[in-house]
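# Analysis of the macromolecular model
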Amino acid sequence: MVEVRMRVNGAVRSLEVEPRVSLLDALRDHLGLTGTKKGCNQGACGACTVLVDGERINSCLALAVQYAGREVVTIEGVAADGQAHPLQEAFIRNDGFQCGYCTSGQICSAIGMLAEHRAGVPSAVTEHLAADVELSAAEIRERMSGNLCRCGAYNGIVESIQDVAS
Ligand code: FES
């Protein structure tokens, strides 16, 4: 067992894990943060997306021991002061989900994606890098292509993100 301390949703947490334990399993099984979902468990679906130091990662592909001392935010930590995150509100307004299983990953990924866009990180369809240029639906689809929705709620997901990005 290895002791790992990391900041999770604003609080320092200490866990005893075997070196082989993924960040996803550490969050769900050791810290009880079950909002982060396990889909494929092999980096293909995005259901397990969390933010580490503001960047989105697939937590199923990450070993918890690699993230000692880092700042992790899960879906349980995106709301602030009792208020839902603007993306959570937008997903409700725009029917950005059906069964909801992928939603926590979609929202964490969208938060990271908007930060990337604002920082000028290019995407495969980027024709511009200016942070104040509106994201097109095509660019959102490209930037969110790592997050699958088996219900096919993609139109609502894109509209939700455009709602917040504009
Ligand atoms: Fe991690 Fe699917 S559960 S990408």
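Residues numbered from 1 in each chain as written. Predicted model: local features only at pLDDT ≥ 70, side-chain atom pairs only at ≥ 80, totals over all residues. Heavy atoms only, no water.

Below, the discussion takes up the environment of Q88. Structurally, the position occupied by Q88 is in helix α2 (residues 86-93). On a C-alpha basis, the gap between Q88 and I75 in space is 9.6 Å, while along the polypeptide they are 13 residues apart. The contacts of Q88, once residues within four sequence positions are left out, are I75, V78, A79 and I107. (Helix = DSSP H or I, 4+ residues; strand = E, 2+ residues; numbered from the N terminus. Contact = heavy atoms within 4.5 Å.)

What follows covers the layout of surface pockets. By volume, the largest pocket is sized at about 180 Å³. As for the largest pocket, its lining consists of 13 residues, of which Y101, C102, L148, C149 and R150 are closest to the centre. Here the lining of the largest pocket is composed, by residue class, of nine nonpolar, three polar and one charged. (1 Å grid on protein atoms, 1.4 Å probe; cavity = no way out; pocket = protein on both sides within 12 Å on 5 of 7 lines; lining within 4 Å. Points joined across faces, edges and corners; volume = space filled by probe spheres on them. Nonpolar A, V, L, I, M, F, W, Y, C, P; charged D, E, K, R; others polar.)

So, on to the pattern of salt bridges. Applying the stated criterion to the full structure yields seven salt bridges. Close ionic contact of E18 with R20 constitutes a salt bridge, the shortest N to O distance being 2.9 Å. E18 sits in the partly exposed class, given a relative accessible area of 32%. For R20, a relative accessible area of 62% puts it in the exposed group. The closest approach of N and O atoms between R70 and D53, which form a salt bridge, is 2.6 Å. Placement of R70 in the loop between β4 (55-58) and β5 (71-73) and of D53 in the loop between β3 (49-52) and β4 is noted, with a sequence separation of 17 residues between them. (Salt bridge = Lys/Arg side-chain N within 4 Å of Asp/Glu carboxyl O. Buried < 20%, exposed > 50% of the residue type's maximum accessible area, 1.4 Å probe, protein only.)

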